[in-house]
Amino acid sequence: SPPGQRPRPYLPRAPASQQPHTTTMASASALAGAFTTLGVSANRAAAKKTNVVAKKAFSARSAVRSVKRDLTISNVATGPQGPVTSGEEMSEEDMIMADQGGRGYTNVDPEVRRIVPDAKGRVVVKVVYVVLESQYQSALSAAVNSLNATNDKVCFEVSGYLLEELRDAKNLAAMKADVENANIFIGSLIFIEELAEKIVEVVSPLRDQLDACLIFPSMPAVMRLNKLGTFSMAQLGQSKSAIASFMKKKKESGGFEEGMLKLVRTLPKVLKYLPSDKAQDARNFMNSLQYWLGGSSDNLENFLLMISKAYVPALENMDMEIAEPETVAETGIWHPMAPYMYEDLKEYLNWYDTRKDITFAKDAPVVGLVLQRSHLVTGDEGHYAGMVMELEARGAKVVPIFAGGLDFSVPVEKFFFDPITKDAYVDTVLSLTGFALVGGPARQDHPKAIDSLKKLNVPYMVTVPLSFQTTEEWTDSTLGLHPVQVALQVALPELDGGLEPIIFSGRDSKTGKSHTLEDRAAQIAGRALKWAALRKKKNVDKKLAITVFSFPPDKGNVGTAAYLNVFGSIFRVLQGLKKEGYDVGDMPDNEDDLINSVLNDKEAKFASPDLNIEHKMSVKEYEKLCLYQEDLHENWGPPPGNLNSDGQNLLVYGKKFGNVFIGVQPTFGYEGDPMRLLFSKSASPHHGFAAYYTYIEHVFGADAVLHFGTHGSLEFMPGKQVGMSGNCYPDHLIGNTPNIYYYAANNPSEATIAKRRSYANTISYLTPPAENAG
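Within each chain, residues carry numbers counting from 1 in the order of the written sequence. Reporting in this predicted model follows two pLDDT cut-offs: at least 70 for local features of residues, and 80 or more for side-chain atom pairs to be given and counted; totals over whole chains, interfaces and linings ignore these cut-offs and use all residues. For side-chain calculations, the full set of non-hydrogen atoms in the structure is used, while hydrogens and water are omitted.

**Q** Please clarify how unusual backbone geometry should be interpreted in this entry.
**A** Residues apart from glycine generally show negative phi values, whereas peptide bonds are mostly found in trans. Residue Pro639 is joined to Pro640 through a cis peptide bond whose omega torsion reads 15 degrees. Under the DSSP-based scheme used, a helix requires at least four consecutive residues in state H or I and a strand at least two consecutive residues in state E, with every element numbered from the N terminus. Examined against the element boundaries, Pro640 turns out to sit in the loop between helix H22 (633–636) and strand E17 (649–657). Even without a glycine there, the phi angle at Glu500 is positive, about 60 degrees. Along the polypeptide, Glu500 turns up in the loop between helix H17 (483–496) and strand E13 (503–507). Backbone geometry at Asn644 places phi at a positive 50 degrees, although glycine is not the residue there. With respect to the helices and strands, the residue Asn644 is situated in the loop between H22 and E17. Only protein chains enter the calculation, and the probe is 1.4 Å; a residue is then buried if its accessible area is under 20% of its type maximum, exposed if over 50%, and partly exposed in between. Exposure remark for Asn644: the relative accessible area of 7% places this residue in the buried category.

The following block contains the structure:
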């Protein structure tokens, strides 16, 4: 139990007739079925079957021709760097939590985005922008630098802020000073309420003096700041607002942003009924959003010129050549090596299956990737290309889809189903957006997402790009992922059924561009392919490692868990697996025989000599297979050590039954509650603990591990709290093995720790009913 709380009761093993709770046959069947159908039970996720409408592939080159496509993938290693040293000085996070008025969780100086031109007699237009994520920074800077170098009439002074930077009072004051002197203010995806309020507080008093104020899909309070001549959204959200009425009709189909995009698509139909001046201002807003969503530096150049000429008085009578917005499809299939973006799966596969640069096995797994279109059109796509190449290098085919709005269920339904059989074409879905499937950071529609994903019925992994931190800030942080990002890009996708929130890309502090984190991409690819393999392997060939604990950890009898008859439940799971066609070998006839084959003594403690030894791992084998074992020497000395050891070998306790291994998780090696490890600066698992998980992955070769009952110690091992790096022990220990965790329904807080730190797919069991004592 956490410090300061009463110890949780534990139930020692009793005869089967007196057990506190036994997994029912229905529950056992569910567990067996979970392994059969990829373990996605409580988190089961996947997508809707639809016909794919054939459309022509279109060339995306023209839309992004001004963005230099550099396919050299920048990789950053975050692998083992040795244990963190302890000290008495306050950590970065301690200081942040102690001082809520500090710089927040990012220390990037917004001045890196400031561009000040050499006017040379030209009109200087001052622009301030605030965006949620950094992908527009590079393309917008390229557009401004190009205009400043080539245009003889106008130049642009630009200052930019990422939304999260405005938590810092100094940055907020700087932004206010910039807006006071600005001609144009631009905001996009302002969906964090407390920061949206700050922007409204700063910009609202200055709105009338701005020549133009453009707010692209954001919270309604921020959208009301929009001002282009006579075009305004000041009444947005009021009952008499025509825009609000339209949005209310559309809000059930994808949230606020989707409604906003539908409004823009509808505007051309009604412009002809408006007075000419109002029609022109509304048309300018519509074109502005199209320029912005187009994202390329060409589009952004023309966007700045169009707005400046129309609304900056000094440029009103100047002649300028301004091109129409270059548009990219709202949904499609992208590949870094493809000549086109495709709008039809058949046409994409015709190209993909005839590639000359790579060949795939006939039964190669297929991974569906979900991408944000904004990263593609702005040229900030290197991290996506890196993930594609990592998967393909491991023999997997990929179908990378994108959406322009925040309803990613639309391309999922359109591109992830076989156009002939109508079954799921992909074996695993890997979202690289970090957002909820429907609604992103804005209004989520989890029922719609769950309905879509259930129909697809494949594992659904939601990885996390570092949107609010630089790579260095995340690497150096003991907390790991930014708390706001945990809420937006971990907690919300979990409500859809998303698994395994592993960081996959970093962000450069100066350019804002994303880059691949090499070891994280390798970990994600390895785990995605292990999930995919469960769909392709025959049940008789699948290997399952069932892991049991002692509860409370280090104190209770082996094979106990909170509110669960462990071995009675495992016996029923084995029966279910046998019916499903799994190889369970010479399975015991009853629960008692199962206990005796693993423990020999029903009351065995972990230190007891009565545990069955399944494998003796020599030090040489351990050092060869466990790549991080040297990091454990500081705390435990060289292997084999004194725990799970006979002095010469490391001992793995348990028993194999065909392709099922029932193993006993080693003790965590420290006295007290395992949560101590989560907050320790220098602790580490011992060699025996590392050897156990090394055996599961590399010797036994498990296709999945089933942690049985509440709870073990894996998820409490030292490392970042959320957003594991290659230096975090839960990430080391679980490796590439899919983790299914049978967890008590009354303990969601620690189940969440297991989900986020050990990549567990949790399946809940009910606690036994309470009765009056006496």
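**Q** Explain helix H20 (residues 591–598) here, please?
**A** Owing to its 3.6 residues per turn, the α-helix brings residues three or four apart onto one side. Within H20, burial applies to Glu591, Leu594, Ile595, Ser597 and Val598. Down the axis of H20, the buried set is contained in an arc of 165 degrees. They therefore lie on one face. Should any heavy atoms of two residues lie within 4.5 Å, those residues are considered in contact. In the core, the buried residues of H20 are packed alongside helix H19 (566–579), E17 and strand E18 (660–664). We call two N or O atoms a polar contact when they sit within 3.5 Å, provided that within protein one can donate a hydrogen and the other can accept it, with sequence-adjacent residues counted only if both atoms are side-chain atoms. By the N-cap criterion, in which a side-chain oxygen at the helix start approaches the backbone nitrogen of a residue two or three places on, H20 is capped by Asn590, the distance to Asp592 being 3.2 Å. In this context, the arc is that of the directions from the helix axis out to the C-beta atoms.

**Q** Would you mind showing me how to read H17 here?
**A** The span one expects for a helix is its residue count, reduced by one, times 1.5 Å. With 14 residues, H17 extends 19 Å between its outermost C-alpha atoms, agreeing within 8% with the 20 Å of an ideal straight helix rising 1.5 Å per residue. Along H17, 10 of the 14 residues are buried, which leaves the element largely enclosed by surrounding structure. Taken together, the buried positions of H17 are Val484, Gln485, Val486, Leu488, Gln489, Val490, Leu492, Pro493, Glu494 and Asp496. Elements in contact with the buried residues of H17: helix H15 (446–456), strand E11 (460–462), strand E12 (464–465) and helix H26 (748–757). In the segment just after H17, Gly497 is the residue with positive phi, at about 105 degrees.

**Q** How do you make sense of the nonpolar core when you look at a structure like this?
**A** Nonpolar side chains in soluble globular proteins tend to end up buried together. Counting 124 residues, the largest nonpolar core has Tyr348, Leu391 and Ile662 as the members making the most contacts within it. When sequence neighbours within four positions are dropped, the list of residues in contact with Leu391 reads Val367, Leu369, Ala396, Val398, Leu430, Ala525 and Leu529. Put simply, a nonpolar core is a bunch of buried Ala, Val, Leu, Ile, Met, Phe, Trp, Tyr and Cys residues held in one set by side-chain atoms that sit within 4.5 Å of each other. Counting 72 residues, the second-largest nonpolar core is a separate cluster that includes Val123, Met175, Leu300 and Phe435.

**Q** Can you help me understand the environment of Thr516 in this one?
**A** Along the chain, Thr516 turns up in strand E14 (residues 514–516). Through-space distance from the C-alpha of Thr516 to that of Ala385 is 8.5 Å; in sequence the pair is 131 residues apart.

**Q** Looking at this model, I keep getting lost on the packing of aromatic side chains. Mind explaining?
**A** Aromatic ring pairs are described here by two measures, namely the spacing of the ring centres and the angle between the planes. Each aromatic pair joins two rings of Phe, Tyr and Trp (for Trp, the six-membered one) with centres within 6.5 Å, and gets the label stacked for planes under 30 degrees apart, edge-to-face for over 60, and tilted for any other angle. Under the criterion given, the structure shown has 24 aromatic pairs. Taken together, a centroid distance of 6.1 Å and an interplanar angle of 70 degrees make the contact between Trp292 and Phe303 edge-to-face. Residue Trp292 is found in helix H9 (residues 276–294), and its partner Phe303 is found in helix H10 (residues 297–311); the two are separated by 11 residues along the sequence. Each of the two residues, Trp292 as well as Phe303, counts as buried. Charge-over-ring contacts are defined here by two conditions on Lys NZ or Arg CZ: a distance within 6 Å of the ring centre and an angle within 35 degrees of the ring normal. A cation over an aromatic ring shows up here: Arg355 above the ring of Tyr352, its NZ or CZ 5.1 Å from the ring centre. Over the ring of Phe700 we find Lys543, and its NZ or CZ is 5.4 Å from the ring centre.

**Q** How do you make sense of the sheet that holds E13 when you look at a structure like this?
**A** Strand-to-strand pairing in sheets goes through backbone hydrogen bonds, with the strands running parallel or antiparallel. Paired strands are those between which DSSP finds at least two bridges. Read across the sheet, 3 strands follow the order E12-E13-E14 without closing on themselves; strand pairing throughout is mixed. The open sheet terminates on both sides in strands that have one partner only, identified here as E12 and E14. The pairing of E13 with E14 spans 3 bridges and is antiparallel. In the sheet register, Arg507 faces E14, and the bridge partner there is Ser514. Lines fitted to the C-alpha atoms define the axes, with helices restricted to the stretch that makes contact. Angles between their N-to-C directions range from 0 to 180 degrees. Along the sheet face, helix H18 (residues 518–536) touches E13 and E14 and points at about 155 degrees away from the line of E13.

**Q** I keep staring at the pairing of strand E2 (residues 154–162) and nothing clicks. Help me out?
**A** Two faces make up the sheet, and in a regular strand the side chains alternate between them. Among the 9 residues that make up E2, 8 are buried, leaving the element largely enclosed by the rest of the structure. When strand E1 (residues 123–131) meets E2, the two strands line up parallel, connected through 9 bridges. Bridging across to E2, Val130 finds its partner in Tyr161.

**Q** Is there a simple way to explain the sheet that holds strand E21 (residues 760–765) in this structure?
**A** With mixed pairing, the 7 strands of this open sheet are ordered in space as E16-E17-E18-E15-E19-E20-E21. Lying at the two open borders of the sheet, with one neighbouring strand each, are strand E16 (613–618) and E21. Strand-to-strand twist in this sheet, taken as the mean axis angle between neighbours without regard to direction, amounts to 30 degrees. As defined by bridge partners, strand E15 (residues 544–548) adjoins E18 across 5 bridges and the pair is classed as parallel. If you follow Ile546 over to E18, its bridge partner there is Ile662.

**Q** Help me understand the pairing of strand E9 (residues 397–403), please; the structure alone is not making it clear to me.
**A** Counting buried positions along E9 gives 7 out of 7 residues, so the element sits mostly inside the fold. Burial of E9 is two-sided: the residues Lys397, Val399, Ile401 and Ala403 facing one way and the residues Val398, Pro400 and Phe402 facing the other way are all buried. As paired elements, strand E7 (residues 331–333) and E9 share 3 bridges and run antiparallel to each other. Residue pairing for E9: Thr331 is matched across the bridge by Ala403. Of the pairings in the sheet, the one linking strand E8 (residues 366–372) to E9 comprises 7 bridges and is parallel in character. Among the inter-strand pairings, Leu369 is bridged to a residue of E9, identified as Pro400.

**Q** What is the right way to look at the pattern of salt bridges in this model?
**A** One side chain can pair with another of opposite charge once the charged atoms of both are near each other. We count a salt bridge whenever a side-chain nitrogen from Lys or Arg sits within 4 Å of a carboxyl oxygen from Asp or Glu. Scanning the entire structure with this criterion turns up 19 salt bridges. Residue Asp357 is joined to Arg355 by a salt bridge in which the shortest nitrogen-to-oxygen separation is 2.7 Å. We classify Arg355 as buried; its relative accessible area is 10%. Between Arg527 and Glu500 there is a salt bridge whose closest N-O contact spans 2.7 Å. Of this pair, Arg527 sits in helix H18 while Glu500 sits in the loop between H17 and E13; the two residues are 27 residues apart in sequence, bridging distant segments of the chain. Accessibility classification places Arg527 together with Glu500 in one group, the buried group. Among the charged side chains, a salt-bridge network with shared partners connects Glu111, Arg114 and Asp178.

Bear in mind that shape data such as this cannot, by itself, settle questions of function.
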